[in-house]
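# Observations on the model geometry
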Amino acid sequence: MIDEFLAGDLGAVEKAVRAAVAEEVMPRFRQLAAHEIVEKQGPHDLVTTADRLAEEHLTDALTKLLPGSVVVGEEAVHADPAVLTALGGDAPVWIVDPVDGTRQFVHGDPGFSTLVTLAHREELLASWTYAPVLDLMAIARRGGGALLNGEPIHSGSPEPGAALHVAISHFDFTTDAEKRTLSGLRAPGAEARPCGSAGLEYLNVARGLLDAVAFTWENAWDHAAGLLLVDEAGGAHSTLDGKPFRISGGNALPFTAARDEGAVRHILGLLADAG
């Protein structure tokens, strides 16, 4: 079933993503009322009506496209953490972040995206990263490369000898111990800044506009689409213990995704030294 689906035209998935965003997200961009914004676990962790309705829209559309599939979405997991167990199950899984960069969305900043990934038995198979205001649609397919607005993209390699530019977990979301580890990326050989939308930072790495990301959290909906996108653009990724990122969790953190293997090794070394 999953092989037949992947062998076909995945354009229907792109249409479903665009439709959900057009119907549920964009009409609320810069139009949110106060009652449509709710704090989940603090003032920096927000959810909006757009998040919830877009995830419901995508859940309905994607499971119809692939009968027997299930959805692990950010808002569904917030309501019921048991939903996460589907990541390790036998059914194909759609991993959905309806609005990645909700804080940016709430503040009227165009730097947000919608992320959808198809996975099966923890293997990432295809992903869609859609930034509607920026008019960017990035698609990756396992073994099939990465496209941005229909054109192939390649991460390339950082300039030899230059400091690596790295987007890291925002300090609003990190513990003191995590801040100490990430401080290794403020050493000679690296220049770090807080990340915005994780999905768009991964896209920047895949396009060669950013050398790497380094993150301290492992929510699958934030990372699955971007990790596949970077890998298929020619980049690489690794957790702190040198293993691939597992979408079901239990990773050695922080982890990094970068333009090439050399950059991954360099970043892991800086993180290990600081930690």
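Residues numbered from 1 in each chain as written. Predicted model: local features only at pLDDT ≥ 70, side-chain atom pairs only at ≥ 80, totals over all residues. Heavy atoms only, no water.

### Structural notes on the overall build of the chain
Our working definition: Numbering of helices and strands runs from the N terminus, with a helix taken as a DSSP run of H or I at least four residues long and a strand as a DSSP run of E at least two residues long. This radius of gyration counts C-alpha atoms alone. The globule rule is 2.2 Å times how many residues there are, raised to the power 0.38. Three labels apply to residues, based on accessible area from a 1.4 Å probe with only protein chains included: buried if under 20% of the type maximum, exposed if over 50%, partly exposed otherwise in between.
If you tally the helices and strands in the chain, you get nine helices and 14 strands. A globule of 275 residues ought to have a C-alpha radius of gyration of about 19 Å, and the chain, at 18 Å, matches this closely. With the C-alpha coordinates of the chain rotated into their principal frame, the extents come out at 50 × 45 × 35 Å. The buried share of the chain, taken over its 275 residues, is 52%.

### Focus on the sheet that holds strand β10 (residues 164-168)
Under the convention used in this document: In this scheme, strands are said to pair when DSSP sees at least two bridges between them. Geometry is summarised by axes, namely lines fitted to C-alpha atoms with helices restricted to the contacting stretch, and by angles between N-to-C directions that run from 0 to 180 degrees. Every residue pair with non-hydrogen atoms within 4.5 Å of one another is taken to be in contact.
Taking strand neighbours across the sheet as the criterion, the five strands line up as β11-β10-β12-β14-β13 in an open arrangement whose pairing is mixed. A single partner strand is all that each edge strand has here, and the edge strands are β11 (190-194) and β13 (236-239). Within this sheet the neighbouring strands show an average axis-to-axis angle of 20°, counted without direction. One ladder, built from four bridges, connects strand β12 (residues 212-215) with strand β14 (residues 255-258); its direction is antiparallel. If you follow A212 over to β14, its bridge partner there is A258. The sheet strands contacting helix α8 (residues 220-232) are β12, β13 and β14, and the helix crosses β14 at an angle near 40°.

### With respect to the nonpolar core
Inclusion rule: Here, nonpolar core refers to any group of buried Ala, Val, Leu, Ile, Met, Phe, Trp, Tyr and Cys residues whose side-chain atoms link them within 4.5 Å.
Within the largest apolar cluster, 37 residues are counted, with the highest numbers of intra-cluster contacts made by I95, Y202, L203, V213, L229 and I247. Where this core is concerned, the elements lending two or more residues are β4 (93-100), β6 (123-131), β7 (136-141), β8 (145-148), α7 (198-206), β12, α8 and β14. Counting residues per element, this core draws most heavily on α8, at seven residues. The contact partners of I247, leaving out residues within four places of it in the chain, are L87, I95, A119, E122, L124, A220 and A224.

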